[in-house]
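Listed below, chain by chain, are the residues.
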Amino acid sequence: MKVCAFNASSRKDGNTAILLKHVLKELESEGIETELIQLAGVRIHGCLGCRKCFANKDRRCGQVEDGMNEYIARMLEADGIILGSPTYFADCSAQMRALIERSGMTARANGDMFKRKVGAAVVAVRRAGAIHAFDSMNHFFTIGQMIIAGSSNPLIEHCVITRNSGRFGAGIECANSNPSLSWCEISYNVTDEIGGGV
């Protein structure tokens, strides 16, 4: 079994990466193979509506000038897909929107090729907008007829990010409803002047 996670933050090792690595560590402890794909610094664009994916039906996006088809191939190989994004202007990042639009449209054009894969969304947030970002990524899963990993906690997982150690510092406290995970705490130092970021 393999799970592929996408970090759509423009900060490769920011809060979103920390949260995703925590999730992947738990999966690895259960013997599940994992892969983390970083979209930071990668230039990808949204769907152009060219509909080449519908014409070709080759499980590839018709726009071939960037690495999107490699990401689509990784999704196809995986049994589970985790989408991780910071909250930017009350939604997921532009990189995540591009990934959702193009891989989602390609999947629809090819008989919902991600159908019955398991999906989960991870959102890093400092202020408001996390529910919208979470909802945007979950719509990718439901539109593609995927199974969303559930929880007995209505918020699935909650994270509180605090900035209180030194001038800029951060700690993340996560509560997961899975009894085997119990409570966990991730602490780290933020070294850049603006306080890290998601």
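What this report covers is the structure whose coordinates are included nearby.

## So, the packing of helix H3 (residues 68-77) against helix H4 (residues 94-109)
- Between H3 and H4, the least distance of the axes is 10 Å, while the angle of their chain directions is 65 degrees. By the criterion of interaxial angle, the relationship of H3 to H4 is roughly perpendicular. Note that H3 runs across H4; the crossing there is right-handed. Of the residues in H4, those in contact with Met68, Tyr71, Ile72 and Met75 of H3 are Ala98, Leu99, Arg102, Ser103 and Thr106.

## Remarks on H3
- Among all positions in H3, only Met68, Asn69, Tyr71, Ile72 and Met75 are buried. One side of H3 holds all its buried residues, which, seen down the axis, span an arc of 155 degrees.
- In this structure, the buried residues of H3 make contact with strand E1 (2-7), strand E2 (33-38), strand E3 (80-86), H4 and helix H5 (130-143).

## Focus on the pairing of strand E4 (residues 118-124)
- Most of E4 sits inside the fold, with five of its seven residues counted as buried.
- Of the strand pairs in this sheet, E3 and E4 are connected by seven bridges, and their pairing is parallel. Residue pairing in the sheet places glycine 80 in a bridge with valine 118 of E4.
- For the segment spanning E3, H4 and E4, crossover handedness is right-handed.
- Summarising the sheet, E4 and strand E5 (residues 147-148) pair through two bridges and their orientation is parallel. The partner of valine 118 across the bridge, within E5, is isoleucine 147.
- Traced from E4 through H5 to E5, the parallel crossover comes out right-handed.

## Examining the environment of serine 136
- Tracing the backbone through its elements, the reader meets serine 136 in helix H5.
- Judged by relative accessible area, which is 12%, serine 136 ranks as buried.
- Between the C-alpha atom of serine 136 and that of isoleucine 100, which follows or precedes it by 36 residues, the distance is 8.9 Å.
- Dropping the residues within four chain positions of it, serine 136 is found in contact with Asp91, Cys92, Arg97 and Ile100.

Cut-off values and rules
Residues numbered from 1 in each chain as written. Predicted model: local features only at pLDDT ≥ 70, side-chain atom pairs only at ≥ 80, totals over all residues. Heavy atoms only, no water. Axes fitted to C-alpha atoms, helices over the stretch in contact; angles between N-to-C directions. Helix = DSSP H or I, 4+ residues; strand = E, 2+ residues; numbered from the N terminus. Parallel < 35°, antiparallel > 145°, perpendicular 65-115°, else oblique. Left-handed = near helix turned anticlockwise from the far one by under 90°. Contact = heavy atoms within 4.5 Å. Buried < 20%, exposed > 50% of the residue type's maximum accessible area, 1.4 Å probe, protein only. Arc of directions from axis to C-beta. Pairing = 2+ DSSP bridges. Right-handed = clockwise from strand over helix to strand, strands pointing away.

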